[in-house]
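Here is how the chains run, residue by residue.
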Amino acid sequence: MDGKEFIKALKNIIDEKHIDEDIIWDAMEQGLISAYKKNYGSKTNVKVKIDKENGVFKIYRYYVVVDDYIEPTEEVDEEGNVKVIPAEINEDAQILLEEAKEKWPDAKVGEEYEEEVTPADFGRVAASTCKQVVTQKIREAEKESLIEEFGDKQDELMVGTLLMEDTRNYYVDLGRTRALLPKKEIIPGEELKMGSQIKVYLTKVENNTKGPLILCSRRHYGFVKRLFEVEIPEVKDGSIELHGVAREAGVRSKVAVYSTVDRIDAIGTCIGERGTRIGNILKELNGEKVDLVLYSENPEEFISNAMAPAKNAIVSITDDEKEKKALVIVPDDQLSLAIGKKGINIKLASRLTGYKLEVKTMTQVQEEGNK
């Protein structure tokens, strides 16, 4: 591969990997300098100049011109005797004015001059060095580029492609990198097919030695929250706010919403015309039920709303507000709905509202009162 072909291939890699070009050139220059000093036993000050158009590079040794006469220095020993130390120049970095004028007639003290010292057989060494340096820097730069691209994607929803699976994880292609979807983080009961598109919620983006470690989930409550933002424009633009989400993945989610615009019905807007909006969300959730709960700053009203699908709940909050406890009284025929299968409804309502809830029927309350 000649110089021009090398430069073309290098620029293609830089563009493909989204790497800062200057990082590669700087690394190549430092690598060539190190290779020159190592292979040719040089300790002199050298620099590399690379023609970024045709790939030709040259090694230059540079000197600082010093006066022909340099004042000796004096050193005092412990006994107070003065010792005169003759001045010496650093031949690796300096050159006497007289000698400099033989090479550069206009040389002046304090100025820097350079001469090419590229060895005739340096091409082989340079090719090997460039390959190593470029490979390493591309790996490092790509890692940094991925961290920069995905670093702020934690807690966001992304669409990827299912690549493969092992006993514990699915691997999701997100474009420039892969994410791990642990099998315990999928929605219970759903079946995933390799090669299919899949929405995932990024729960963790962490930098490690091999690049970003990205973990994702479909059972996290944040997955439901982000789906609402995707499917309902009013949630994304702030016309409707999501106060909170409580979820038992694969079974039921409760989503508390309220409108910041008087003319917008929060729950009706989330449902959409003929249920299309909420239908799209339910489809993504593999049939998981979703209760839309109207949020209220009045905790009793909010708790009553959160008890859906149970209706006509009466809420009484304990006198000690710090305890965060409330009694929920429901009609006898609403008790099973209020509690839910395996107690899931009351558990989610409690989680959504932040109150420890106790449910009783009106009959139970009356009987206790009589006693």
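The written sequence of each chain sets the order in which its residues are numbered from 1. Confidence filtering applies because this is a predicted model: local features only for residues at pLDDT of at least 70, side-chain atom pairs given and counted only at 80 or more, and all residues used for totals across whole chains, interfaces and linings. Here the side-chain values reflect all heavy atoms present in the structure, with hydrogen atoms and water set aside.

Enquirer: Explain the sheet that holds strand S12 (residues 240-248) here, please?
Expert: The pairing of strands in a sheet happens through backbone hydrogen bonds and is either parallel or antiparallel. Following DSSP output, two strands are said to pair if at least two bridges run between them. Each helix is a run of DSSP H or I of at least 4 residues and each strand a run of E of at least 2, with the numbering of both proceeding from the N terminus. Ordered by their spatial adjacency, 3 strands build an open sheet running S12-S13-S14, and the pairing between neighbours is mixed. A single partner strand is all that each edge strand has here, and the edge strands are S12 and strand S14 (289-294). In this sheet, neighbouring strand axes are inclined to one another by 20° on average, regardless of whether the strands run parallel or antiparallel. The pairing of S12 with strand S13 (residues 252-259) spans 8 bridges and is classified as antiparallel. Note that in S13 the partner of glycine 244 across the bridge is alanine 256. The strands touched by helix H5 (residues 221-231) are S12, S13 and S14; relative to S12, the strand with the most contacts, the crossing angle is about 145°. Any two residues whose heavy atoms approach within 4.5 Å at even a single point are treated as in contact. Note on definitions: angles span 0 to 180 degrees between N-to-C directions of axes, and those axes are lines fitted to C-alpha atoms, for helices only across the stretch in contact. Here helix H11 (residues 344-353) sits on the sheet and contacts S12, S13 and S14; the angle it forms with S12, its principal contact strand, is near 140°.

Enquirer: Looking at this model, I keep getting lost on the pairing of strand S10 (residues 197-208). Mind explaining?
Expert: Every regular strand shows the same layout, with side chains that alternate between the two sheet faces. Bridge count for strand S7 (residues 157-165) against S10 is 5 bridges, and the pairing is antiparallel. The residue of S10 that forms the bridge with leucine 157 is tyrosine 201. Where S10 folds back on strand S11 (residues 211-217), the antiparallel hairpin that results is connected by 2 residues.

Enquirer: Where do I start with the side chain of glutamine 334 in this structure?
Expert: Structurally, glutamine 334 is set in the loop between strand S16 (325-330) and helix H10 (335-339). Each residue's exposure class comes from its accessible area (1.4 Å probe, protein chains only) as a fraction of the maximum for that residue type: buried when under 20%, exposed when over 50%, partly exposed otherwise. Among the residues examined, glutamine 334 registers a relative accessible area of 13% and is labelled buried.

Enquirer: Is there a simple way to think about the side chain of glutamate 288 in this case?
Expert: Of note, glutamate 288 is situated in the loop between helix H8 (276-284) and S14. Judged by relative accessible area, glutamate 288 falls into the buried class, the value being 0%. As used in this structure description, the phrase polar contact means that two N or O atoms lie within 3.5 Å; if the pair is within protein, one of them must be able to donate a hydrogen and the other to accept it, and residues adjacent in sequence are counted only when both atoms belong to side chains. For glutamate 288, the side chain forms a polar contact with the side chain of arginine 247, separated by 3.0 Å. Not counting the four nearest positions on each side in its chain, glutamate 288 is found in contact with Ile187, Val224, Arg247, Glu248, Ala249, Gly250, Val251, Arg252, Ser253 and Leu282.

Enquirer: Help me understand the sheet that holds strand S17 (residues 356-361), please; the structure alone is not making it clear to me.
Expert: Read across the open sheet, the 3 strands follow the order S15-S16-S17; overall the sheet is mixed. Edge positions in the open sheet fall to strand S15 (314-317) and S17, since each of these has one partner strand only. Direction aside, the axes of adjacent strands within the sheet are offset by 25° on average. The pairing of S15 with S16 spans 4 bridges and is classified as antiparallel. Following the sheet pairing, isoleucine 314 is matched in S16 by isoleucine 329. Along the sheet, helix H9 (residues 299-306) makes contact with S15, S16 and S17, crossing S15 at roughly 135°.

Enquirer: Please explain the pairing of strand S9 (residues 178-182) as it appears in this structure.
Expert: Where strand S8 (residues 169-173) lies against S9, 5 bridges are found, and the strand directions are antiparallel. For tyrosine 171, the partnering residue across the bridge sits in S9 and is leucine 180. In this antiparallel pair of consecutive strands, S8 and S9, the connection spans 4 residues, and glycine 175 shows a positive phi of 110°.

Enquirer: Help me understand the packing of aromatic side chains in this model?
Expert: To describe a pair of aromatic rings, you give the distance between the ring centres and the angle between the ring planes. Here the aromatic set is Phe, Tyr and Trp, taking the six-membered ring for Trp, and pairing holds for ring centres within 6.5 Å; pairs whose planes are under 30 degrees apart are stacked, those over 60 apart are edge-to-face, and all others are tilted. For the coordinates displayed, the defined rule picks out 3 aromatic pairs. When the ring of tyrosine 63 is compared with that of tryptophan 104, the centres are 6.1 Å apart and the planes differ by 55°; the resulting orientation is tilted. Remark: tryptophan 104 occurs in the loop between helix H3 (97-103) and strand S6 (112-116) and tyrosine 63 occurs in strand S2 (residues 57-66); sequence separation between them is 41 residues. A single burial state applies to tyrosine 63 and to tryptophan 104, both of which are buried.

Enquirer: Looking at this model, I keep getting lost on a nonpolar patch on the surface. Mind explaining?
Expert: Patch membership requires over 30% relative accessible area and the absence of a salt bridge. Like charges are linked within 9 Å, and nonpolar side chains (Val, Leu, Ile, Met, Phe, Trp, Tyr) within 5 Å. Every accessible area reported is derived by Shrake-Rupley at a probe size of 1.4 Å, with residue values counting cover from the shown protein chains alone. Put simply, a salt bridge is a Lys or Arg side-chain nitrogen that is within 4 Å of an Asp or Glu carboxyl oxygen. Together, Leu163, Met164 and Met194 line one region of the surface with nonpolar side chains, adding up to about 230 Å² of accessible area. Structurally, the position occupied by leucine 163 is in strand S7.

Enquirer: In this structure, what is going on with the packing of helix H2 (residues 21-40) against helix H4 (residues 122-150)? I would like to understand it.
Expert: Pairs of packed helices are described in terms of their axes, by the angle between the two and the distance that separates them. Close contact between H2 and H4 brings their axes to 9 Å; oriented N to C, the two are set at 140°. By the angle between their directions, the pair H2 and H4 is classed as oblique. The element H2 and its partner H4 pack so that their crossing is right-handed. Side by side, H2 and H4 meet where Ile23, Ile24, Ala27, Met28, Gly31, Leu32, Ala35, Tyr36, Asn39 and Tyr40 of the first sit next to Phe122, Val125, Ala126, Thr129, Cys130, Val133, Val134, Lys137 and Ile138 of the second. In this classification, the charged set is Asp, Glu, Lys and Arg, the nonpolar set is Ala, Val, Leu, Ile, Met, Phe, Trp, Tyr, Cys and Pro, and all remaining amino acids, among them Gly, are polar. Partitioning the contact of H2 with H4 into residue classes produces 15 nonpolar, 3 polar and 1 charged. Should an angle fall under 35 degrees it is taken as roughly parallel, and over 145 as roughly antiparallel, whereas 65 to 115 is taken as roughly perpendicular and any remaining angle as oblique. Take the far helix as your reference; a near helix turned counterclockwise from it by less than a right angle gives a left-handed crossing, and one turned clockwise gives a right-handed crossing.

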